[in-house]
Number of protein chains: 2
Amino acid sequence: MSLTKCTQENISRRDLLTKGGKLAVVGAAFISGGGLALAGCGTDSNGGNTMEGNSMTSATNSAQLPWKYVKLSPQDIKKAAELAHENWFQGFCCYAVLSGIVTVLREKVGEPYTSFPVEAFIFAHGGTAGWGGTCGTLIGAGIAASLATGAKTGEAITNQVMKYYSETELPIYKPDAPKAELKTVSRSDTPVCHLSVGKWMKKEGVGFLSAQQMERCARISADMCMKTLEYLNLWADGKFMATTKGPVMTNEIPSQNNCTDCHGDKIPQTSGKFGTGLDLLKAGH
Amino acid sequence: MSLTKCTQENISRRDLLTKGGKLAVVGAAFISGGGLALAGCGTDSNGGNTMEGNSMTSATNSAQLPWKYVKLSPQDIKKAAELAHENWFQGFCCYAVLSGIVTVLREKVGEPYTSFPVEAFIFAHGGTAGWGGTCGTLIGAGIAASLATGAKTGEAITNQVMKYYSETELPIYKPDAPKAELKTVSRSDTPVCHLSVGKWMKKEGVGFLSAQQMERCARISADMCMKTLEYLNLWADGKFMATTKGPVMTNEIPSQNNCTDCHGDKIPQTSGKFGTGLDLLKAGH
């Protein structure tokens, strides 16, 4: 089984749901807004999971997803983006995206957003506690999307936001009150903080925790906040469609889609066949 | 400014708090359980932030961190670990760690854990929606630690758990009811899913979503669940001490500590000086 299938394959949600065979079923389990429910979880009418397992009983209503979401106006989205930019300087990237969205939903919806502890996710900055892994903006996007639409659609939206993050010259957003002027934009080709910010810093000619790098990451927080809300608004209108599978399905390992950037021509082979353990999931374990 | 300082430096929380100069202040801002509060956030007696910014007003009590934590018994921790292993097969790695801890805290503490929507974090599996970034077990650990101790101590605990994850031959935990037998353990040298699971799969000779890989990730979920609770119990006794800085401080970019594994001898130089934008944070922006 090789890891050479690095080209992101476009696939619609309809494709996923109508394709037969094991792979399509796995795709549904991992990334679609419908199809196979995870063992022990039901699927509500909005595509979110509702837990039925005995390990999570006696939860009150706000433990159930999705929470209420109302379609936001362009003015609401602008406000969320401005908050994301501003809040980066309070709690960095994950907190920035999440607090931007949650603050507006507190005003438009109220509970349970009002009681949601957004500061519990500050740790996810800098690729998680500064370890350079997944960009915190994408963790914040995933949390907000999952609260508003449920676990499955939330993951499908997260995947789309990650694809956008990886393929787009960023940052785009111009805040009302920038903290620094920026010369350059860059395409990361990855959701990984270390690579994304490193490429941009090299192009801009600045170090980490420079005024420019901080402003860049604050603007990208606004960009991911807006993109997440764009997808949430589409979902509210019944128009959200996943256009891509998660890379784990294409490459048969959790991965980016630019294998050669790290591996060169020597892309490793995995030793065993993909998906042979799925009977465990289908059996409820 | 070079990225060659890849050796993880041991540093105590006391060192961070007593060292003068800009770097020590940044260290405190990013990773310590005390010291500099983020602009706009106060610090409560438990080291958690309490939001004062006008963008997050009218939040109810459960939006404030930390939530109540009670020291867990060895039996409680065993139960959480068993749940983490079992719940991996319900919602994968991040959900596994988080639901293992939250389920036990629902029983021991009750609210607000009872109302916390643990399914909103399923998306973080497979290095976030299958993109191979930060291992989801570490996101789950970070959320649980931040809920129980607040944003700053939560991040310090997360950093310690990530160091343990990266430096330890895993998995260690032996569940009561394993879904597969495993031959090997491996040291990841990284918190990144793609590298961690890829190295283990190569050593074990199996593919992704094989019964063995699934069992390995379920057992590591139990391992990270137990390690997080070990630190939370130390914290409850007033004995938690951060022994290491986040790699962002050592390497001056969000990063792992094994630079040469990817870069070989050609470790890139960043173009600008680290930390020159910190006046923005000190000024409250």
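As the structure is a prediction and not an experimental result, all values here were calculated from the model. (Residues numbered from 1 in each chain as written. Chains lettered and ligands numbered in written order. Predicted model: local features only at pLDDT ≥ 70, side-chain atom pairs only at ≥ 80, totals over all residues. Heavy atoms only, no water.)

Asker: In this structure, what is going on with the nonpolar core? I would like to understand it.
Answerer: Within soluble globular proteins, side chains that are nonpolar generally end up buried alongside one another. Ranked by size, the top nonpolar core spans 104 residues in total, and within it A:Phe116, A:Phe121, B:Phe116 and B:Phe121 carry the most contacts. Elements with a contribution of two residues or more to this core: helix 3 (74–108), helix 4 (136–149), helix 5 (151–167) and helix 7 (211–236) of chain A together with helix 3 (74–108), helix 4 (136–149), helix 5 (151–167) and helix 7 (211–236) of chain B. Core analysis: the next-biggest nonpolar cluster, separate from the first, contains 25 residues, A:Phe208, B:Val248, B:Leu278 and B:Leu281 among them. (Core = buried A, V, L, I, M, F, W, Y, C linked by side-chain atoms within 4.5 Å. Buried < 20%, exposed > 50% of the residue type's maximum accessible area, 1.4 Å probe, protein only. Helix = DSSP H or I, 4+ residues; strand = E, 2+ residues; numbered from the N terminus.)

Asker: Sorry, what's going on with the packing of aromatic side chains here?
Answerer: Pairs of aromatic rings are described using the distance from one ring centre to the other and the angle between the two planes. For the coordinates displayed, the defined rule picks out 14 aromatic pairs over all chains. Seen from their ring centres, A:Trp67 and A:Phe116 are 5.7 Å apart, and the 85° between their planes marks the pair as edge-to-face. Of the two residues, A:Trp67 sits in the loop between strand 2 (49–51) and helix 3 while A:Phe116 sits in the loop between helix 3 and helix 4, which places them 49 residues apart along the sequence. A:Phe116 carries the same exposure label as A:Trp67, and that label is buried. Here B:Trp88 and B:Phe92 contribute two aromatic rings whose centre-to-centre distance is 5.3 Å and whose plane-to-plane angle is 80°, an arrangement assigned as edge-to-face. (Phe/Tyr/Trp six-rings, centres within 6.5 Å; stacked < 30°, edge-to-face > 60°.)

Asker: Would you take a moment to explain the relation of the copies chain A and chain B for this structure?
Answerer: The two chain copies are related to each other by a rotation about an axis together with a translation along it. It takes a turn of 180° to lay chain A on chain B, together with a shift of 0.0 Å along the axis; the resulting RMSD is 0.0 Å. The superposition operator between the copies reduces to a two-fold rotation axis. (Least-squares fit on C-alpha atoms with pLDDT ≥ 70 in both.)

Asker: Honestly, the interface of chain A and chain B in this entry has me stumped. Any pointers?
Answerer: Interface size is commonly expressed as the accessible surface area that is lost when the partners come together. Taken together, the contact between chain A and chain B spans 102 residues of the former and 102 residues of the latter. Together, the buried faces of chain A and chain B total about 8,300 Å²; carbon and sulfur atoms form 67% of this surface. Contact with chain B buries area across many residues of chain A, yet A:Glu119, A:Phe123 and A:Trp131 alone supply 11% of it, more than any other trio. Viewed at the interface, chain B and chain A are joined by zero salt bridges. For the interface between chain A and chain B, the tally reads 27 residue pairs in polar contact (both at pLDDT 80 or more). With 10 residues, helix 3 of chain A is the largest single contributor of residues to the side of chain A that touches chain B. Counted by class, the side of chain A that touches chain B contains 47 nonpolar, 46 polar and nine charged residues. (Contact = heavy atoms within 4.5 Å. Buried area = accessible area lost by both parts, 1.4 Å probe. Salt bridge = Lys/Arg side-chain N within 4 Å of Asp/Glu carboxyl O. Polar contact = N/O pair within 3.5 Å; in protein donor to acceptor, adjacent residues only side chain to side chain. Nonpolar A, V, L, I, M, F, W, Y, C, P; charged D, E, K, R; others polar.)

Asker: Explain the confidence of the model for chain A to me, please; I cannot follow it from the model alone.
Answerer: Where the model shows low pLDDT, its predicted coordinates should not be examined in detail. Residue and element names in this part refer to chain A. Mean pLDDT over chain A works out to 83, with 79% of the residues at or above the 70 mark. Within the model, the stretch residues 1–57 combines pLDDT values under 50 with 158 contacts to residues more than four positions away or in other chains. Here the prediction assigns the complex a pTM of 0.84, and the interface score ipTM is 0.84. (pLDDT = per-residue confidence, 0-100.)

Asker: Help me understand the pattern of salt bridges in this model?
Answerer: Pairs can form between side chains of opposite charge once their charged atoms are near each other. Residue and element names in this part refer to chain B. Overall, the coordinates contain 20 salt bridges over all chains when judged by the stated rule. The closest approach of N and O atoms between Glu-107 and Lys-79, which form a salt bridge, is 2.7 Å. Classification of Lys-79 as partly exposed rests on a relative accessible area of 36%. One salt bridge connects Lys-227 with Glu-230, and the closest N-O pair in it is separated by 3.1 Å. With Lys-227 and Glu-230 both in helix 7, this residue pair falls three residues apart, about one helical turn.

Asker: Honestly, the state of the cysteines in this entry has me stumped. Any pointers?
Answerer: A covalent bond bridging the sulfur atoms of two cysteines is what the word disulfide describes. Scanning the entire structure with this criterion turns up zero disulfides over all chains. No disulfide involves A:Cys217; its sulfur sits 6.7 Å from the nearest other cysteine sulfur, which is in A:Cys93. Here B:Cys225 is not disulfide-linked; the sulfur of B:Cys94 is the nearest cysteine sulfur, at 12 Å. (Disulfide = S-S within 2.5 Å.)

Asker: Explain helix 4 of chain A to me, please; I cannot follow it from the model alone.
Answerer: Counting along an α-helix, one turn takes 3.6 residues, and residues three or four places apart therefore face a common direction. All names here are of chain A. Taking 1.5 Å as the rise per residue, helix 4 with 14 residues should run 20 Å; its terminal C-alpha atoms sit 20 Å apart, in good agreement. Among the 14 residues in helix 4, 14 count as buried, and that is most of the element. Phi for Gly-150, located one or two positions after helix 4, is positive at around 100°. (Expected span 1.5 Å × (residues − 1).)

Asker: So what exactly am I meant to see when it comes to the side chain of B:Ser62 here?
Answerer: One can find B:Ser62 in the loop between strand 2 (49–51) and helix 3. Residues within four places of B:Ser62 in sequence aside, it is in contact with A:Ser115, A:Pro117, B:Trp67 and B:Pro112.

Asker: I tried to follow the packing of helix 3 of chain A against helix 4 of chain A on my own but got confused; where do I start?
Answerer: Residue and element names in this part refer to chain A. Where helix 3 meets helix 4, the axes come as close as 6 Å, and the angle between the chain directions of the two elements is 30°. By the angle class used here, helix 3 and helix 4 are roughly parallel. With respect to the hand of their crossing, helix 3 and helix 4 are arranged in right-handed fashion. Seen from helix 3, the contacting residues are Cys-93, Cys-94, Val-97, Leu-98 and Ile-101; seen from helix 4, they are Gly-136, Thr-137, Ile-139, Gly-140, Ala-141, Ile-143 and Ala-144. Looking at the contact of helix 3 with helix 4 residue by residue, the class counts come to nine nonpolar, three polar and no charged. (Axes fitted to C-alpha atoms, helices over the stretch in contact; angles between N-to-C directions. Parallel < 35°, antiparallel > 145°, perpendicular 65-115°, else oblique. Left-handed = near helix turned anticlockwise from the far one by under 90°.)

Asker: Even after reading the chapter, I still don't get the packing of helix 4 of chain B against helix 5 of chain B, so can you show me in this structure?
Answerer: When two helices pack together, their arrangement is captured by the angle between the axes and the distance separating the axes. All names here are of chain B. Running from amino to carboxyl end, helix 4 crosses helix 5 at an angle of 150°, the nearest separation of the two axes being 7 Å. In this view, helix 4 runs roughly antiparallel relative to helix 5, as classed from their interaxial angle. Regarding helix 4 and helix 5, the two cross each other, and that crossing is right-handed. Contacts from Thr-137, Leu-138, Ala-141, Gly-142, Ala-145, Ser-146 and Thr-149 in helix 4 reach Ala-151, Thr-153, Gly-154, Glu-155, Ile-157, Thr-158, Val-161, Met-162 and Tyr-165 in helix 5. Looking at the contact of helix 4 with helix 5 residue by residue, the classes come out as eight nonpolar, seven polar and one charged.

Asker: Sorry if this is basic, but what is going on with helix 5 of chain B here?
Answerer: Along its 17 residues, helix 5 of chain B runs 24 Å from first to last C-alpha, staying within 8% of the 24 Å computed at 1.5 Å per residue. A large share of helix 5 of chain B lies buried, amounting to 15 of its 17 residues.

Asker: Whenever I open this one, the environment of B:Pro254 confuses me. Can you help?
Answerer: Its place among the elements puts B:Pro254 in the loop between helix 8 (247–251) and helix 9 (259–263). The exposure class of B:Pro254 is buried, given its relative accessible area of 0%. In the structure, B:Pro254 is positioned 145 residues away from B:Val109 in sequence and 35 Å away in space, judged by C-alpha atoms. Setting aside chain neighbours within four positions, we find B:Pro254 in contact with A:Gly126, A:Gly130, A:Trp131, A:Gly132, A:Cys193, A:His194, A:Val197, A:Phe208 and B:Val248.

Asker: Is there a simple way to explain unusual backbone geometry in this structure?
Answerer: Glycine aside, residues mostly have negative phi, and peptide bonds are mostly found in the trans state. The omega torsion across A:Glu111 and A:Pro112 is 0°, close enough to zero to call that bond cis. In this fold, A:Pro112 is placed in the loop between helix 3 and helix 4. Unusually for a residue other than glycine, A:Ala129 sits at a positive phi of about 50°. If you trace the backbone, A:Ala129 turns up in the loop between helix 3 and helix 4. Backbone geometry at B:Glu252 places phi at a positive 60°, although glycine is not the residue there. Position of B:Glu252 among the secondary structure elements: in the loop between helix 8 and helix 9.

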